[in-house]
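Tertiary structure, described
What follows is each chain in one-letter form.
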Amino acid sequence: MSRRPAGVAAALPETTIFEQMSALALRHGAINLGQGFPDSAGPERVRAAAARFVIEGPHHYPRMRGVEPLREALARFCAASRGLSYDPATEIVVTSGATEALAASILALVAPGDEVLLLAPAYDAYAPLVRRAGGRPVEIVLRPPRWEIRPELLAAAVTPATRAIILNDPVNPTGRMLEPAERMAIADLARARDLCVIADEVWEEVHDPARPHHSIAALPGMRARTVRIGSAGKIFQVTGWKVGWLMADAARAAAIAALHQYLTFTTPPALQLAVAEGLDCERDWLEGMRRDLVAGRQRLADGLARAGWSVLPSEATWFLCVDLAASGLALDDRAAAIALVRDHGVAAIPVSAFYEAPDAPRTILRFCHAKSPETIDAALARLGPARAALAQKSVQMPLTSQSP
Ligand code: PMP
Ligand code: GLN
């Protein structure tokens, strides 16, 4: 839903669900398992490098496409971790967070009238950006508990006006990683219909140790039609730094850089240089981060299950979801999120916020598990009684949509 105040050029999107829920968490003094950010603050070495560069410089505009050491480190990291080679001079652009990489890519690649396929639940930025570019977002509705991408769903959504598909893998909010067959089905469609794939891979390093991520760009014929987007915020747990990037063939990278130069032009050089050091030196930290991630997720999932919440599987990202209906609660996800933050002191994200379709699933809540054991235990101490209280309430309350 959007609104258009007088004197404003275009309909405005709603304030994001993350901002809304964090504001409510603050107002009610709740434990914030809503907006995705960890308790911890990334590797000390990367933070120390940032501090050093802030003192010593450089202090002035770096190259518009990003400092060379970062573009080179990204190329090395991508070659080692994904088996994909990109030329740091012509095929990598550093942006102010993945959000800017998404905005610049969509503005560069989507023309008025173009249709863009989104796999919903879809990250909240995609549809508003596609609309601002004059395109039409076409939502493919995926459903719990498996959120499976079936080829017939893709085929039913594509038309002669389809130009691109935005793919998030691993997936926020579900915590899934795509199965090889799903990635293959999207690649087959993209090749058959000459589509560009905007691959939001910000969670590429945040997954179970036993389940490495594979980029769609590594499938045959896909490198040339894929824009890969990444974020240091997720890899190094520094969400506020807003160091992101994109990788694409030279022609697309140049087109996207042309937009980037008038969106932000650049991002702070000290942070870029610190991220470059991290990409080269923090392999061990990344492995420890993945072990901690699994432990935190298991702790939250076990505690929720003991209290009667029905937990859906998650293998990546900082998130896990619960199904309210399967937890015995006849409340919609917004109503449940409001009640949880207001009456029980825990913020969560209603997953229906990741859909526009009227028949979207409305029984799923997302929790951020990238928290210390103490934070998780404190949240669990509230979430147990909360389920029992909501079960009482849902007996009296019909399925309704409430806004926070
Ligand atoms: N895409 C997805 C799927 C995300 O989850 C996020 C942040 N949570 C972003 C993009 C934005 O990343 P950044 O903070 O680097 O802009
Ligand atoms: N992407 C983060 C999440 O999914 C939030 C980012 C934001 O607040 N814009 O929770």
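This text gives an overview of the structure that appears in the document.

The rules we used
- Residues numbered from 1 in each chain as written.
- Chains lettered and ligands numbered in written order.
- Predicted model: local features only at pLDDT ≥ 70, side-chain atom pairs only at ≥ 80, totals over all residues.
- Heavy atoms only, no water.
- Pairing = 2+ DSSP bridges.
- Helix = DSSP H or I, 4+ residues; strand = E, 2+ residues; numbered from the N terminus.
- Contact = heavy atoms within 4.5 Å.
- Axes fitted to C-alpha atoms, helices over the stretch in contact; angles between N-to-C directions.
- Parallel < 35°, antiparallel > 145°, perpendicular 65-115°, else oblique.
- Left-handed = near helix turned anticlockwise from the far one by under 90°.
- Nonpolar A, V, L, I, M, F, W, Y, C, P; charged D, E, K, R; others polar.

Here we come to the sheet that holds strand 14 (residues 349-350). With antiparallel pairing, the four strands of this open sheet are ordered in space as 11-12-15-14. The sheet is open, and its two borders are formed by strand 11 (310-311) and strand 14, each paired with just one other strand. By the bridge criterion, five bridges tie strand 12 (residues 319-323) to strand 15 (residues 364-368) in an arrangement that is antiparallel. Note on strand 15: the bridge partner recorded for Val322 is Leu365. Running over the sheet, helix 11 (residues 283-306) touches strand 11, strand 12 and strand 15 and is turned about 15° from strand 12.

Across the sheet, which stays open at both edges, the seven strands sit in the order 4-10-9-8-7-5-6 with mixed pairing between neighbours. Each end of this open sheet is capped by a strand with a single partner; those strands are strand 4 (92-95) and strand 6 (136-141). When strand polarity is set aside, the average angle formed by the axes of neighbouring strands in this sheet is 20°. Note: strand 4 against strand 10 (residues 244-247), four bridges, orientation antiparallel. Paired with Ile92 across the two strands is Met247, which belongs to strand 10. Where helix 4 (residues 97-109) meets the sheet, it contacts strand 4, strand 7 (162-168), strand 8 (196-200), strand 9 (226-231) and strand 10, and its direction lies at approximately 160° from that of strand 9. Docked against the sheet, helix 9 (residues 250-263) engages strand 4, strand 8, strand 9 and strand 10, running at close to 25° with respect to strand 4.

This part covers the packing of helix 3 (residues 68-82) against helix 10 (residues 269-281). The geometry of helix 3 relative to helix 10 is characterised by a closest axis approach of 8 Å and an angle of 25° between their N-to-C directions. Taken together, the axes of helix 3 and helix 10 are roughly parallel relative to one another. Crossing angle aside, the handedness with which helix 3 passes helix 10 is left-handed. Counted together, Pro69, Leu70, Ala73, Leu74, Arg76 and Phe77 of helix 3 and Gln272, Leu273, Val275, Ala276, Leu279 and Asp280 of helix 10 form the full contact between these two elements. Class assignment for the residues of the contact of helix 3 with helix 10 results in nine nonpolar, one polar and two charged.

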